[in-house]
Amino acid sequence: MSKIGTRFAGGAAIVLALLASGCGEKSAERTAAKSGDEAKPTLQVGLVFDVGGKGDKSFNDSAFEGATRAVNELGVRLTDFEPGQDADRETGLRKLAGRGYDMVIGVGFLFTDAIRVVAAEYPDVKFVLVDGRIDDLDNVVSLVFREQEGSYLVGALAGLTSETGVIGFVGGMDVPLIHRFEAGYRAGATHVRPDIRVLVGYAGVRPEAFADPVRGKEITLSQIARDADVIYHAAGVTGLGVIEAAREQGKYSIGVDANQNGVAPGSVLTSMVKRVDVAIFTTIQEVAAGTFRGGLREFGLAENGVGWALDENNEALVPRERREYLAALADSIVAGEIDVPADAGRR
């Protein structure tokens, strides 16, 4: 674990217009190309995206990367679906399961209720729930993460980097999952700087809070006006507005889920990387090998499931001594010497 920071190495300024395409109901099928081989793939996988959809440069794209890796390395056939409304989540899952897919993935905790219903109807189909918890159906595996552990490390880096003694956090939907990011970030920052101020803002209480970059930018500009000079987001597409505002104002942002360092090189201090891609690829691999088992699977620092990103876009921003310090913190968390809170303690 001593090199945890370097395990997550991978832009231009953000173009928010990329998000204007919306969700809508779309699907695409991908199969690994094998020259001279017309054999059918051994596994058919369906993936239904979360709010924000493909192209969010964060949570959804990380999930898609893991599934695409399975296409390229395992020869599976992949169909992806972007729900347009809340009801479309269950529709998308049922459509894929009804077509005889071997495995169907719901990307995000918002799929919890829909997967519980559809998985019971299709007991022969394997279902994957990312960030939600279903542990009583044999054909469902829930992939959850200790986001607070990775957030602790980037919070410590924010505390060490801040010149004003004020940092910010921007969450998407105000729910317990995102509170874990906030809690870890605050704990890491106060560990290295007990008197630091942490400004907190959430984009809303509905799923759309993950898909509102304008709101993300507004919250960030408000925090910068109150002296915040490092702002961490856990907000999906909304976070692209956070990164844009920080870049424009000459401040630092911290990305989330995928490595977002390249979105605004020199302005993104680091990214808290959540290896949804690895978790999904590994699960597809288990289904292909016949070793799938339902239940709860948890990923933290010890499992290499979270961490922070260091690459050519930000290596000049993180001096060697800080890298070594973060590595030591990571070791202490894994050893149980640091207990990272999972609750923000504000409610």
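Procedures and definitions
- Residues numbered from 1 in each chain as written.
- Predicted model: local features only at pLDDT ≥ 70, side-chain atom pairs only at ≥ 80, totals over all residues.
- Heavy atoms only, no water.
- Helix = DSSP H or I, 4+ residues; strand = E, 2+ residues; numbered from the N terminus.
- Buried < 20%, exposed > 50% of the residue type's maximum accessible area, 1.4 Å probe, protein only.
- Areas by Shrake-Rupley, 256 points an atom, 1.4 Å probe, with all protein chains shown as cover.
- Salt bridge = Lys/Arg side-chain N within 4 Å of Asp/Glu carboxyl O.
- Expected span 1.5 Å × (residues − 1).
- Axes fitted to C-alpha atoms, helices over the stretch in contact; angles between N-to-C directions.
- Left-handed = near helix turned anticlockwise from the far one by under 90°.
- Contact = heavy atoms within 4.5 Å.
- Pairing = 2+ DSSP bridges.
- Phe/Tyr/Trp six-rings, centres within 6.5 Å; stacked < 30°, edge-to-face > 60°.
- Lys NZ or Arg CZ within 6 Å of the ring centre and 35° of its normal.
- Polar contact = N/O pair within 3.5 Å; in protein donor to acceptor, adjacent residues only side chain to side chain.

Brief notes about the overall build of the chain
In terms of helices and strands, the chain carries nine helices and 13 strands. Counting over 347 residues, the chain shows a buried share of 57%. For the chain, the accessible surface area stands at approximately 13900 Å², while carbon and sulfur atoms represent 46% of it.

A look at the pattern of salt bridges
Counted according to the given criterion, the structure contains 18 salt bridges. Residues Asp131 and Lys274 are paired through a salt bridge, measuring 2.8 Å at the closest nitrogen-oxygen approach. Taken together, the residues Asp131 in the loop between strand 5 (126-130) and strand 6 (140-145) and Lys274 in strand 11 (residues 268-274) connect sequence positions 143 residues apart. When its relative accessible area of 10% is taken as the criterion, Asp131 is described as buried. The class for Lys274 is buried, based on a relative accessible area of 1%.

Remarks on helix 4 (residues 147-161)
If you check helix 4, its first and last C-alpha atoms are 21 Å apart, about what 15 residues at 1.5 Å a residue would give, namely 21 Å. Most of helix 4 sits inside the fold, with 14 of its 15 residues counted as buried.

Some thoughts on the packing of helix 1 (residues 59-74) against helix 8 (residues 276-289)
Two elements in contact, helix 1 and helix 8, have axes whose closest approach is 7 Å; the angle formed by their N-to-C orientations is 35 degrees. Helix 1 and helix 8 meet at a crossing whose hand is right-handed. Residues Phe59, Ser62, Ala63, Glu65, Gly66, Ala67, Arg69, Ala70, Glu73 and Leu74 of helix 1 pack against Val276, Asp277, Ile280, Phe281, Ile284 and Gln285 of helix 8.

Focus on the sheet that holds strand 9 (residues 230-234)
If you trace the six strands from one edge of the open sheet to the other, you get 8-7-9-10-11-13, paired in mixed fashion. Whereas interior strands pair on both sides, the edge strands pair on one side only; in this sheet they are strand 8 (197-204) and strand 13 (306-308). On average, each strand axis in the sheet is inclined to that of its neighbour by 15 degrees, with strand direction left out of account. Inspection of the sheet shows strand 7 (residues 166-173) paired to strand 8 by seven bridges, in the parallel sense. Bridging across to strand 8, Met173 finds its partner in Gly204.

Considering the packing of aromatic side chains
Two measures describe an aromatic ring pair: the distance that separates the ring centres and the angle between the ring planes. Tallied over the entire structure, the rule returns six aromatic pairs. Ring geometry for Phe49 versus Phe64: centroids 5.9 Å apart, planes at 50 degrees, classification tilted. Of this pair, Phe49 sits in the loop between strand 2 (44-48) and helix 1 while Phe64 sits in helix 1; the two residues are 15 residues apart in sequence, bridging distant segments of the chain. A single burial state applies to Phe49 and to Phe64, both of which are buried. Clustering of aromatic rings is evident, with ring pairs tying together Phe169, Tyr185, Tyr202 and Tyr232. For the cation-ring pair, Lys54 lies above Phe64, with the distance from its terminal atom to the ring centre recorded as 4.8 Å. The ring centre of Phe281 lies 3.7 Å from the NZ or CZ of Arg69, which sits over that ring.

A word on the pairing of strand 10 (residues 252-257)
For strand 10, the tally of buried residues reaches five of six residues, placing the bulk of the element in the interior. When strand 9 meets strand 10, the two strands line up parallel, connected through three bridges. Looking at strand 10, one finds that Val230 is bridged to Tyr252. Alignment of strand 10 against strand 11, held across five bridges, turns out to be parallel. Each residue of the ladder has a partner; that of Ile254, found in strand 11, is Thr270.

Considerations on the environment of Leu129
Here Leu129 shows up in strand 5. If sequence neighbours within four positions are ignored, Leu129 has contacts with Gly106, Gly108, Phe111, Thr112, Ile115, Ile134, Val141, Ser142 and Leu143.

Structural notes on the environment of Val230
Mapped onto the secondary structure, Val230 falls in strand 9. Taking relative accessible area as the criterion, Val230 reaches 1% and is therefore assigned buried. For the pair Val230 and Thr164, spaced 66 residues apart in sequence, the C-alpha separation works out to 9.3 Å.

Side note on the side chain of Glu147
Mapped onto the elements, Glu147 comes out in helix 4. Relative accessible area serves as the criterion here: at 0%, Glu147 is assigned to the buried category. At a separation of 2.7 Å, a polar atom in the side chain of Glu147 contacts the side chain of Lys274. When residues no more than four places from it in sequence are discounted, the contact partners of Glu147 are Asp131, Leu177, Arg180, Phe181, Met272 and Lys274.

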